[in-house]
Structures are given as C-alpha cells and as structure tokens.
Amino acid sequence: MILINLLPHREAARKRRREMFYAGLGASAVAGALIAGGIHLWYAAQISAQQDRNQLLTSEIKRLEGQIKDIATLQEEIAALRARQQAVEDLQADRNMPVHLLNEMSRLLPDGVYITSMKQNNETVALTGVAQSNERVSELLRSLGTGSPFITRPELIEIVAGTVQLSPRDTRRVANFRMNVKLVRASQIAQKAASAASAAGSVPLTPTAAASQALTGAAVAAMAPASAKK
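As a starting point, this report considers the structure included with it. Model, not experiment: these values are computed from the prediction. (Residues numbered from 1 in each chain as written. Predicted model: local features only at pLDDT ≥ 70, side-chain atom pairs only at ≥ 80, totals over all residues. Heavy atoms only, no water.)

## Observations regarding a positive patch on the surface
Part 1 of the argument: Residues Arg10, Arg14, Lys15, Arg16, Arg17 and Arg18 make up a contiguous surface patch of positive charge.
Part 2 of the argument: When you line up the elements, Arg16 lands in helix H1 (residues 9-94). (Patch = residues over 30% accessible without salt bridge, like charges linked within 9 Å, V, L, I, M, F, W, Y side chains within 5 Å. Areas by Shrake-Rupley, 256 points an atom, 1.4 Å probe, with all protein chains shown as cover. Salt bridge = Lys/Arg side-chain N within 4 Å of Asp/Glu carboxyl O. Lys, Arg positive; Asp, Glu negative; His and termini not counted. Charge placed at Lys NZ, Arg CZ, Asp CG, Glu CD. Helix = DSSP H or I, 4+ residues; strand = E, 2+ residues; numbered from the N terminus.)

Given below as structure tokens:
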C-alpha cells in the first residue's frame, strides 16, 4: 500500500526554520544586551574609581598647595631675616670705615697737597683741596688709585689755577681741585679675602670673621710703609 503525505510539509519545515531563526536572533539579542550591560557596568565602575582617585588627588593637591604657601612664607621670612643679618653685619664691619678713610688720607696725601673739605655720600667721598702744582694733584690721584685697599676709582672733577696770599709781599700760584673717590666696603674686602682663602685651600671663614681679618690685614699693610719711613 502506498502512503502519500498530502500535508504542506515544506511550509512546516520553513516555519520551523523561521522559528529557530527568531529564537537564535532573540538569544543573540539577549546575549548582546547582557554583554553590553556588563561592559557598561565595568566602565561605570572604572569611571567611578577614577573619579574617586581624582577627588583624592584634588584634595591632596589642595593640601600640598597650602603647604607650599606656608613654605613660601617661611622662605620670605628667612630671606628677610638674612637681609637684616647682612645689614647688621655690614654696619658692624663698616663702623670703622671713617677711621680708615682718615688714616688712609693722611698716609697717602703727598707733600704740598692740602684737603680743605671732605663730604661722604654713601660710598662716594667728595674731596676739595689745594695743591702747589698740577703734578701734586696727579701724584695724589695715583696714590689714591693704587695705594689703599679702602679707596678706589679716584676721579678728578675740576682743577682751577688760583693764588694764595702768604704775606703782603708773598703771593703764590696754587691749583684748586675737586675730586671724587669710592670707598671699598668691608664686605667687598671680606669677599676678596674669602676668595683668596678658598683659592689657597684654607678653611673658609664667616663673613664677619673674614671682614675682621681682611680689615686687620689691610690696616697692617697700611701701617707698614709708615713704620718703614720711621
């Protein structure tokens, strides 16, 4: 007996394939949604952790900025204290400069030259005097330029011929001059002494000690020619 299937089997098979396709498509969509949700949650967790780290870094930066401001304030205070200390040391070292100036002027003043006035403005000293001749003024310039560690850079401002009445019958021609000289501060002498000591390999001194040693050495050197003359 021959059996003939008259049912639409092709349509049933097509329907089953369509259902399987839709089922696979739905499963793929669900799997994709789960994967996307997992990735979103992972990125959200990473972003949240990074935000926490950023907040921590921000708070630490603010704290460090406060400390930096405190350090800057301390550095300014230290610089101010050092400036005051340096000013006190300069005053301490320069208190004998007028004595050295007068001593050097009396030592370096050539014969036939007389100082009539002396005015100091900071490191500049204005000298006014009378000399027997222009050659005496030149000799004074050379002596002031090379003969003293406390005086430097002599500059002749003016020299004018004049006369001096020694007696009713004795009139002599003289040279009236004005010049400026620069005083060498004790701190500069101390720096030179410290440089020389470091070049010689000796133990470095403090600025005050170096200034005292330099001034003492300069005073001894200045007194040496006078002793030799005697």
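Once you've had a look at it, read on.
## Section: the pattern of salt bridges
Part 1 of the argument: In this structure the tally under the stated criterion is four salt bridges.
Part 2 of the argument: Of the charged contacts in the structure, one is a salt bridge between Arg107 and Glu104, with a shortest N-O distance of 2.7 Å. You can see Arg107 and its partner Glu104 sitting in helix H2 (residues 97-108), three residues apart, about one turn around the helix.
Part 3 of the argument: Taking relative accessible area as the criterion, Arg107 reaches 23% and is therefore assigned partly exposed.
Part 4 of the argument: Owing to a relative accessible area of 1%, Glu104 belongs among the buried residues under this scheme.
Part 5 of the argument: Note that Arg136 is salt-bridged to Glu139, the shortest N-O span being 3.9 Å. With Arg136 and Glu139 both in helix H3 (residues 134-146), this residue pair falls three residues apart, about one helical turn.
Part 6 of the argument: Residue Glu139 is classed as partly exposed on the basis of its relative accessible area of 32%. (Buried < 20%, exposed > 50% of the residue type's maximum accessible area, 1.4 Å probe, protein only.)

## Quick notes on the packing of aromatic side chains
Part 1 of the argument: Following the criterion strictly, the structure yields two aromatic pairs and no others.
Part 2 of the argument: Each ring, one from Phe21 and one from Tyr22, has its centre 5.8 Å from the other, and the planes form 55°; the classification is tilted. Each member of the pair, Phe21 as well as Tyr22, is classed as exposed.
Part 3 of the argument: Here the aromatic rings of Trp42 and Tyr43 are separated by 5.0 Å at their centres, their planes lie at 75°, and the arrangement is edge-to-face. (Phe/Tyr/Trp six-rings, centres within 6.5 Å; stacked < 30°, edge-to-face > 60°.)

## Structural notes on the pairing of strand E2 (residues 124-131)
Part 1 of the argument: In this sheet, E2 lies alongside strand E1 (residues 113-121) in antiparallel orientation, the contact comprising eight bridges. When the sheet's bridge partners are listed, Val113 is paired in E2 with Ala131.
Part 2 of the argument: Linking E1 back to E2 in an antiparallel pair, the connection comprises two residues, with Asn122 at a positive phi of about 60°.
Part 3 of the argument: Note that E2 and strand E4 (residues 170-183) share eight bridges and pair antiparallel. Bridge pairing in E4 links Gly129 to Phe177. (Pairing = 2+ DSSP bridges.)

## What to know about the environment of Glu155
Part 1 of the argument: With respect to the helices, strands and loops of the structure, Glu155 is situated in strand E3 (residues 151-167).
Part 2 of the argument: Measuring from C-alpha to C-alpha, the distance between Glu155 and Ala126 comes to 9.6 Å, with 29 residues separating the pair along the chain.
Part 3 of the argument: Aside from chain neighbours lying at most four places away, what touches Glu155 is Arg178, Met179 and Asn180. (Contact = heavy atoms within 4.5 Å.)

## Focus: the sheet that holds E3
Sheet strands pair by backbone hydrogen bonding; their relative direction is either parallel or antiparallel.
Part 1 of the argument: Within the open sheet, the four strands sit side by side as E1-E2-E4-E3. Their pairing is antiparallel. Since the sheet does not close on itself, it has two edges, and those belong to E1 and E3, each with one partner. Strand-to-strand twist of the sheet, defined as the mean angle between neighbouring strand axes without regard to direction, takes the value 15°.
Part 2 of the argument: Running at roughly 160° to E1, H2 makes contact with E1, E2, E3 and E4 of the sheet. (Axes fitted to C-alpha atoms, helices over the stretch in contact; angles between N-to-C directions.)

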